[in-house]
Amino acid sequence: MNIYLKKLLIIIFLIIIALAIKICKGLRPNIFKYTPKLHADLITKCWDAKAENRPTAKELFQELKKLQEYQVNEDDSDIKSQVNEYDDKIKLNRT
């Protein structure tokens, strides 16, 4: 293997390790400022450092299904208002 390729692979490995350490210390991407609170809360739960605090795949599916049903049926006024507020802010941001 070429000496430069070995050096490059070592550098890439070190970058990945550094990023992994930052993630373990709490580094997370920013949540888009117009994201409805109910979605932001769900994202934050999924990012919890403790695995036992994160929702399971089944719980996540159920929560997303519930949110979709609320948006379709528009029964819950809080969810409806958050989604409408999000839509309004996105429209304003585009203009």
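Keep in mind that what you see is a predicted model, and the values were worked out from it rather than measured.

Participant: How should the overall build of the protein chain be read in this particular structure?
Facilitator: Assigned secondary structure in the protein chain consists of 4 helices and 0 strands. Beginning at the N terminus, the succession of helices and strands in the protein chain can be written as α-α-α-α. Counting all 95 residues of the protein chain, 11% fall into the buried class. When the accessible surface of the protein chain is totalled, it reaches about 8100 Å², and 59% of it is carbon and sulfur.

Participant: Teacher, can you tell me more about the pattern of salt bridges here?
Facilitator: With the rule as written, the count across this model stands at 2 salt bridges. Salt-bridge contacts for Glu 63 lead to Lys 66; the nearest nitrogen and oxygen are separated by 3.5 Å. In this pair, Glu 63 and Lys 66 both sit in helix α3 (residues 57-73), 3 residues apart, roughly one turn of the helix. Overall, the relative accessible area of 28% leaves Glu 63 in the partly exposed class.

Participant: Would you explain a nonpolar patch on the surface in this entry?
Facilitator: Taken together, Met 1, Leu 5, Leu 8, Leu 9, Ile 12 and Ile 16 make up a surface patch of nonpolar side chains, about 580 Å² in accessible area. Position of Met 1 among the secondary structure elements: in the segment before α1 (3-24).

Participant: How should I be thinking about α1 in this particular structure?
Facilitator: Between the first and last C-alpha of α1 there are 32 Å, a value that for 22 residues agrees with the 32 Å anticipated at 1.5 Å per step. A side-chain oxygen of the first residue of α1 lies 2.8 Å from the backbone nitrogen of Tyr 4; this N-cap is Asn 2. A positive phi of about 115 degrees marks Gly 26, the residue just after α1.

Participant: Just to check I follow, could you spell out the confidence of the model for the protein chain for this structure?
Facilitator: Regions with low pLDDT should not have their predicted coordinates read in detail. Scored by pLDDT, the protein chain has a mean of 85; 89% of the residues are at 70 or more. At the low end of the mean pLDDT range in the protein chain sits helix α4 (residues 77-94), at 74; at the high end sits α1, at 94.

Participant: When you look at the nonpolar core in this model, what are you seeing that I'm missing?
Facilitator: Note that soluble globular proteins tend to have their nonpolar side chains buried in a common cluster. Counting 5 residues, the largest nonpolar core is built from Leu 38, Leu 42, Leu 67, Ile 79 and Val 83. Mapped onto this core, the elements with two or more residues apiece are α2 (37-46) and α4.

Participant: Can you walk me through the environment of Tyr 86 in this structure?
Facilitator: Assignment of secondary structure puts Tyr 86 in helix α4. Take Tyr 86: its relative accessible area is 28%, and that puts it in the partly exposed class. Remark: the alpha-carbon pair of Tyr 86 and Pro 36, spanning 50 residues in sequence, is separated by 6.1 Å.

Conventions adopted
- Residues numbered from 1 in each chain as written.
- Predicted model: local features only at pLDDT ≥ 70, side-chain atom pairs only at ≥ 80, totals over all residues.
- Heavy atoms only, no water.
- Helix = DSSP H or I, 4+ residues; strand = E, 2+ residues; numbered from the N terminus.
- Buried < 20%, exposed > 50% of the residue type's maximum accessible area, 1.4 Å probe, protein only.
- Areas by Shrake-Rupley, 256 points an atom, 1.4 Å probe, with all protein chains shown as cover.
- Salt bridge = Lys/Arg side-chain N within 4 Å of Asp/Glu carboxyl O.
- Patch = residues over 30% accessible without salt bridge, like charges linked within 9 Å, V, L, I, M, F, W, Y side chains within 5 Å.
- Expected span 1.5 Å × (residues − 1).
- Polar contact = N/O pair within 3.5 Å; in protein donor to acceptor, adjacent residues only side chain to side chain.
- pLDDT = per-residue confidence, 0-100.
- Core = buried A, V, L, I, M, F, W, Y, C linked by side-chain atoms within 4.5 Å.

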